[in-house]
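# Fold and geometry: a report
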Amino acid sequence: QVQLVESGGGLVQAGGSLRLSCQASGRTLSMRFMGWFRQAPGKEREFAAQINWNDRTTYYADSVKGRFTISRDINTNTLYLQMNSLKPEDTAVYYCAVIIRGSLTWDNWGQGTQVTVSS
């Protein structure tokens, strides 16, 4: 339905920055919200940020608020996550996801990209 591919992860020192990208393809006209989630080893997947695909309304988890910025380019169907002031506890696999028209759940997921923050 909608295919998602993340990129931009890597190794960065604490206090540094990374920008993640998520390329969407397929039935992109049906996208209503896109979001970023993360999963650290041994922990549950947790929500980080979301954006309304049309009006760009955003919402952030308290853990990333003030440090991360979610944005999108509607013309290229690309979702971004600008991550600043990174901390070791931000280390995780980061996934993008989409809520499509008529759905109440995050159903479509990318393959994930690894972010490692060293101290």
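Above: the structure in question.
Residues numbered from 1 in each chain as written. Predicted model: local features only at pLDDT ≥ 70, side-chain atom pairs only at ≥ 80, totals over all residues. Heavy atoms only, no water.

This brings us to the sheet that holds strand S1 (residues 2-7). Within the open sheet, the four strands sit side by side as S1-S3-S8-S7. Their pairing is antiparallel. Among the strands making up the open sheet, the edge pair consists of S1 and strand S7 (68-73). Taken pair by pair, the neighbouring strands of this sheet meet at an average axis angle of 20°, ignoring direction. Of the strand pairs in this sheet, strand S3 (residues 18-26) and strand S8 (residues 78-83) are connected by six bridges, and their pairing is antiparallel. Considered in S8, the bridge of Leu-18 is made with Met-83. (Pairing = 2+ DSSP bridges. Helix = DSSP H or I, 4+ residues; strand = E, 2+ residues; numbered from the N terminus. Axes fitted to C-alpha atoms, helices over the stretch in contact; angles between N-to-C directions.)

With that settled, the discussion passes to the nonpolar core. Met-34, Trp-36, Leu-81, Met-83 and Tyr-94 are the most contacted members of the largest nonpolar core, which totals 30 residues. Elements represented by at least two residues in this core include exactly S1, S3, strand S4 (31-39), strand S5 (46-52), S7, S8, strand S9 (92-100) and strand S11 (113-118). Among the elements that make up this core, the one with the highest residue count is S9 (five residues). Ignoring sequence-local partners within four residues, the contact set of Met-83 consists of Gly-16, Ser-17, Leu-18, Leu-20, Arg-67, Phe-68, Tyr-94 and Val-115. (Core = buried A, V, L, I, M, F, W, Y, C linked by side-chain atoms within 4.5 Å. Buried < 20%, exposed > 50% of the residue type's maximum accessible area, 1.4 Å probe, protein only. Contact = heavy atoms within 4.5 Å.)

Quick look at the pairing of S11 now. In S11, alternate side chains face the same way, and those of Thr-113, Val-115 and Val-117 are buried while those of Gln-114, Thr-116 and Ser-118 on the opposite face are not. Sheet topology places strand S2 (residues 10-13) next to S11; four bridges connect them, and they run parallel. Across the sheet, residue Leu-11 finds its bridge partner in S11, namely Thr-116. In this sheet, S11 lies alongside S9 in antiparallel orientation, the contact comprising three bridges. Looking at S11, one finds that Val-93 is bridged to Gln-114.

Time to look at the packing of aromatic side chains. Summed over the entire model, instances satisfying the criterion amount to four aromatic pairs. Look at Phe-37 and Trp-106: their rings are 5.3 Å apart centre to centre, the planes differ by 75°, and that puts the pair in the edge-to-face class. Of this pair, Phe-37 sits in strand S4 while Trp-106 sits in the loop between S9 and strand S10 (108-109); the two residues are 69 residues apart in sequence, bridging distant segments of the chain. Each ring, one from Phe-47 and one from Tyr-59, has its centre 5.8 Å from the other, and the planes form 25°; the classification is stacked. Taken as a pair, Phe-47 in strand S5 and Tyr-59 in strand S6 (residues 58-60) lie far apart in primary sequence, twelve residues in all. Classification of Phe-47 as partly exposed rests on a relative accessible area of 21%. Three or more aromatic residues joined by ring pairs make a cluster, and in this case those are Phe-37, Phe-47, Tyr-59, Trp-106 and Trp-109. (Phe/Tyr/Trp six-rings, centres within 6.5 Å; stacked < 30°, edge-to-face > 60°.)

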